[in-house]
Amino acid sequence: MIKTNKENLVMQSVGGKVHSPIVSSPYRISREGEPMILPATGGICYNVKVGDSCMKWVGDHIEPGVSVRNENVAENTAMMLLACIGNTAKIVSGDAKGATGFVTGGHGGIEHTLVYFDDETLEKLSLDDKILIKAYGQGLKIENFEDITCMNIDPQLLEKFDIRISDEGCLEVPVVTEIPPYLMGSGVGSSTAFSGDYDIMTGDKEANEKYGIDKLRFGDLVLLRDCNNCFGRDYLKGSVTIGVVVHSDCIKAGHGPGVTTILSCPTSKIKGRIEKNANIAYYLGIK
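Just so it is clear, the structure is predicted and the values come from calculations on it, not from any experiment. (Residues numbered from 1 in each chain as written. Predicted model: local features only at pLDDT ≥ 70, side-chain atom pairs only at ≥ 80, totals over all residues. Heavy atoms only, no water.)

Q: Please explain the pairing of strand E8 (residues 112-116) as it appears in this structure.
A: As a general feature of sheets, a regular strand has side chains that alternate between the two faces. Burial of E8 is extensive: five of the five residues sit out of reach of the surface. The alternating pattern of E8 places His 112, Leu 114 and Tyr 116 and Thr 113 and Val 115 on opposite faces, both of which are buried. Bridge analysis of strand E7 (residues 100-107) against E8 gives five bridges, and the strand direction is antiparallel. What sits directly across from Gly 106, in E8, is Thr 113. Between the antiparallel neighbours E7 and E8 lie four residues, among them Gly 109 with a positive phi of about 90 degrees. (Buried < 20%, exposed > 50% of the residue type's maximum accessible area, 1.4 Å probe, protein only. Helix = DSSP H or I, 4+ residues; strand = E, 2+ residues; numbered from the N terminus. Pairing = 2+ DSSP bridges.)

This is how it looks when you write it as structure tokens:
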């Protein structure tokens, strides 16, 4: 069992409202140059959930569950930075007031925090209902692994991953697949990995099949090879990053399923252990 500094971390309120889908141009241009009109980010997705395939949907950058944003830019930035995957989210207004769920990721660009609620709650929710999140996890460190940067993950969820320490002194983390660095696209070069996500490119069908990308689900844990996310998102040979799939496949060039970082190391101190159930829905008991 890994040991962390979780007792010293601050739990603090952040929040926003259920954010409606917004459209500036009716068309989205596919990687083949085709203009398309499709559902995309925002709102309440009634039939798209964490644990489902993220590859089958007729849409673009689809966000599972509920998309939350604060119209005050500074307050939304705080939510994007501080809310962590697995944090408790509570509805504090409207017909679904009092219901709880949890954070499943952050989507950069649109700057949405993504939250899971059960079906009964989704039916009661409305646009602009207020969501309160108990932000907890930033500043997390793993004892004796100070070179590994932790981010965007609730410590109690991290402990459910059955992370082991190998005989070589590496962290062994369950993942569904490993992704090579040349498939990482939109979001590379961002100044920080502590907010939002970046995309696995899916324009190459052979690569999708070779690396199991075509089988990815919302909530899957994936290993990104030679990807250094300790600060910004960069290529570094030998580095390793672990992330969670947070949004769906995309039609745009350079885009695909989005990955929110939870662990990163500039050396190969993290190893992947392939497990089909390496998904936050499994660890949180969602059917």
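The structure having been displayed, the exposition proceeds.
Q: What's the story with the nonpolar core in this structure? I'm lost.
A: General note: in soluble globular proteins, nonpolar side chains tend to be found buried as a group. Leu 158, Phe 161, Leu 263 and Ile 280 are the most contacted members of the largest nonpolar core, which has 34 residues in total. Those elements giving two or more residues to this core turn out to be helix H3 (155-159), strand E12 (171-175), strand E15 (221-228), strand E16 (234-247), strand E17 (258-265) and helix H5 (280-283). Each residue touching Leu 263, except ones within four places of it in the same chain, is listed here: Ile 142, Ile 148, Thr 149, Cys 150, Leu 158, Ile 163, Val 173, Val 240, Thr 241, Ile 242 and Ile 270. (Core = buried A, V, L, I, M, F, W, Y, C linked by side-chain atoms within 4.5 Å. Contact = heavy atoms within 4.5 Å.)

Q: Help me out: how do you make sense of the packing of aromatic side chains in this one?
A: Each pair of aromatic rings is reported with the distance of its centres and the angle of its planes. Within the structure shown, the criterion is met by three aromatic pairs. Measuring from centroid to centroid gives 4.8 Å for Phe 161 and Tyr 283, while their planes differ by 50 degrees, and the two rings are tilted. Residue Phe 161 is located in the loop between H3 and strand E11 (164-165), and its partner Tyr 283 is located in helix H5; the two are separated by 122 residues in the primary sequence. As far as the burial class goes, Phe 161 and Tyr 283 line up, both buried. (Phe/Tyr/Trp six-rings, centres within 6.5 Å; stacked < 30°, edge-to-face > 60°.)

Keep in mind that these numbers describe shape and distance, not what the molecule does.
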